[in-house]
Amino acid sequence: MAAAPRVQPDAFFTPEEWSALTQRSAWRGLWSVAHCWAVIGAAMVVGSLWPVAIPLAVVVIGTRQLGLFVLMHDAAHAGLHRNRKINDWVAHWLCTPTLRAYRPYHLQHHRYVQQTEDPDLVLSAPFPIKRSSLARKVWRDLSGQTFYKQRFAHTVQRIRARTEGESAWRLLGQEVAKDRRFLVGNAIGFALFSAAGFWWVWLLMWLLPMMTWLPLVSRIRNIAEHALVAQNEPDPLRQARTTHASWLARAVIAPYWVNYHAEHHMFTNIPCWNLPRAHRILKRDGVTSLMEMESGYVALLARAAPAA
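What comes next is a walk through the structure. No experiment lies behind these values; they were computed from the predicted model shown. Throughout, residues of each chain are indexed from 1 in the direction in which the sequence is written. Where local features are concerned, this predicted model is filtered to residues with pLDDT of at least 70; where side-chain atom pairs are given and counted, the filter is 80 or more; whole-chain, interface and lining totals use all residues. Hydrogen atoms and water are omitted, and side-chain values are computed over all heavy atoms in the structure.

Let us now look at the overall build of the protein chain. Runs of H or I in DSSP of at least four residues are treated as helices and runs of E of at least two as strands, each being numbered from the N terminus. Along its length, the protein chain carries 16 helices and two strands. In this description the radius of gyration comes from C-alpha coordinates, and the expected globular size is given by 2.2 Å times residues to the power 0.38. In terms of overall size, the protein chain behaves like a compact globule, its C-alpha atoms giving a radius of gyration of 21 Å where 308 residues would be expected to give roughly 19 Å. A total of 308 residues make up the protein chain; the buried ones form 48% of that total. The contact rule is simple, with two residues in contact once any of their heavy atoms fall within 4.5 Å. Put simply, 72% of the contacts in the protein chain that link residues at least 6 apart link residues at least 24 apart. For the purpose of charge, His is not counted, nor are the chain termini; Lys and Arg are scored as positive and Asp and Glu as negative. The atoms used to mark charge sites are NZ of Lys, CZ of Arg, CG of Asp and CD of Glu. Averaged over its 34 positive side-chain charges, the protein chain has a centre that lies 7 Å from the centre of its 20 negative ones. Whether a residue is buried, partly exposed or exposed follows from its accessible area with a 1.4 Å probe, protein chains only, as a fraction of its type maximum: under 20%, in between, or over 50%, in that order.

Right, dumping it as structure tokens:
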């Protein structure tokens, strides 16, 4: 298997610039995680005080749930904290517990990005698609069907496909054990909110965003990062895409600099909060004109699913 072509940092940055860009921080990652949870908490408070704001809270919270995944992704590259043990602990306990399984999978994606061996190639290969197909995918996301498929469908299928004599209850127990962190965490959250008299807040402003907006923005993120990028692309400046994100897009689609995906693939040692700085340096030197870039998410989706 041939790894995807790579760039050399010294072709784009001075030693001083590269040292500053790749410097790990003892506080920026922790601040980002705290900020993410603070935004979630603030949105819940606003929705609790003014129920008319609940739809907006669903969007904001769903985006920050993606933000927790984005920060875990940074931890997979050891970028969340300068201490590796703290880096992994924060990602596992305060972001998402999938870090250990995600890291080897994701590093394979980087090694073979857009190559045949890329495990994420299946996400980008189908594009462009018909607009009607995209509309159906969006509906599945917003209606909770994608959430069900990703979270529970495999359990139902496993039980239905059991062999003669296999206990359905035993299989269910095994599947529940695999997902115990999610189930126990949500049970505790619901119990605590119920004890405070706000059981509906947990349902409407934690689970509902997770079931609806999170699948949608995760899909948009996947499309933006690699859709319409050629398979076996030899140019490392064009193996991933950076999408311009306004303040509104950063608030409801692309948290924590996730839109700078071309820079991330070119230079995986740069923590997420330094990606905008790297982008500015590359733009200063005229490099961004050679990179895979898009003006915004609406324009990107229009290309990914063109009108008939």
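Here we take up the pattern of salt bridges. For this analysis, a salt bridge means a side-chain nitrogen from Lys or Arg found within 4 Å of a carboxyl oxygen belonging to Asp or Glu. What the rule picks out here adds up to 10 salt bridges. A salt bridge links Asp-88 to Arg-84; the nearest nitrogen and oxygen atoms lie 3.6 Å apart. Linking Asp-88 with Arg-84, this pair stays in helix α4 (residues 84-95), spanning four residues, or about one helical turn. Residue classification places Asp-88 among the partly exposed residues on the basis of a relative accessible area of 22%. Several salt bridges share partner residues, and in doing so they unite Arg-238, Arg-241, Glu-292, Glu-294 and Arg-303 into one network.

Take Thr-63: it is sitting in helix α3 (residues 54-76). The residues contacting Thr-63, other than those within four sequence positions of it, are Trp-213, Val-217, Arg-250, Ala-251, Val-252, Ile-253 and Pro-255.

Within the secondary structure layout, Gln-115 lies in the loop between α5 (99-111) and α6 (121-124). The spatial distance from the C-alpha of Gln-115 to the C-alpha of Ala-4 is 6.7 Å, given a sequence separation of 111 residues.

What follows is about a nonpolar patch on the surface. Residues Val-45, Val-46, Leu-49, Trp-50 and Val-52 make up a contiguous nonpolar surface patch of about 530 Å² in total accessible area. One can find Val-46 in helix α2 (residues 28-49). What makes Val-46 partly exposed here is its relative accessible area of 36%. Exposure above 30% relative accessible area and the lack of any salt bridge qualify a residue for a patch; like charges then connect within 9 Å, and the nonpolar side chains Val, Leu, Ile, Met, Phe, Trp and Tyr within 5 Å. Computed with a 1.4 Å probe, the accessible areas rest on the Shrake-Rupley method; for each residue, only the protein chains presented here act as cover.

Now for the side chain of Asn-259. By the secondary structure assignment, Asn-259 is in the loop between α13 (247-252) and α14 (261-266). In this structure Asn-259 comes out as buried when scored by relative accessible area, which is 5%. Filtering out sequence-adjacent residues up to four positions away, Asn-259 remains in contact with Arg-241, Thr-242, Thr-243, His-244, Ala-245, Ala-254 and Tyr-297.

This part covers a positive patch on the surface. Where like charges cluster on the molecular surface, the positive patch consists of Lys-130, Arg-136, Arg-140 and Lys-149. Note on placement: Arg-140 falls in helix α7 (residues 131-142).

Moving on, we come to the packing of aromatic side chains. Under the pairing criterion, centres of Phe, Tyr and Trp rings, with the six-membered ring standing for Trp, must be within 6.5 Å; the plane angle then separates stacked pairs below 30 degrees from edge-to-face pairs above 60, leaving the rest tilted. Throughout the structure, instances matching the rule amount to 12 aromatic pairs. Summarising the aromatic geometry, the rings of Trp-18 and Phe-267 are spaced 5.8 Å apart at their centres and angled 65 degrees between planes, so their arrangement reads as edge-to-face. Here the residue Trp-18 occupies a position in helix α1 (residues 15-21), and Phe-267 occupies one in the loop between α14 and α15 (275-284), the gap between them amounting to 249 residues. Ring centres of Phe-69 and Tyr-102 lie 5.3 Å apart, and the angle between their planes is 75 degrees; this geometry places the pair in the edge-to-face category. With Phe-69 in helix α3 and Tyr-102 in helix α5, this residue pair connects regions lying 33 residues apart in the sequence. What makes Phe-69 partly exposed here is its relative accessible area of 25%. Looking at Tyr-102, the relative accessible area reads 12%, which means it is buried. Site record: aromatic cluster; members linked through ring pairs are Phe-12, Phe-13, Trp-18 and Phe-267.

For the rest of this paragraph, the subject is the packing of α3 against helix α11 (residues 199-211). Each axis is a line fitted through C-alpha atoms, and for a helix only the stretch in contact is used; angles between axes span 0 to 180 degrees, taken between their N-to-C directions. Interaxial distance between α3 and α11 falls to 7 Å at its minimum, and their mutual angle equals 55 degrees. For the element pair α3 / α11, the angle class is oblique. The two elements α3 and α11 meet at a crossing, and its hand is right-handed. Of α11, the residues touching α3 (which contributes Ile-54, Ala-57, Val-58, Ile-61, Gly-62 and Gln-65) are Trp-200, Leu-204, Met-205, Trp-206, Leu-208, Pro-209 and Met-210. Any angle from 65 to 115 degrees is called roughly perpendicular, while one under 35 is roughly parallel, one over 145 is roughly antiparallel, and all others are oblique. By definition, turning the near helix anticlockwise from the far helix through less than a right angle yields a left-handed crossing, and turning it clockwise yields a right-handed one.

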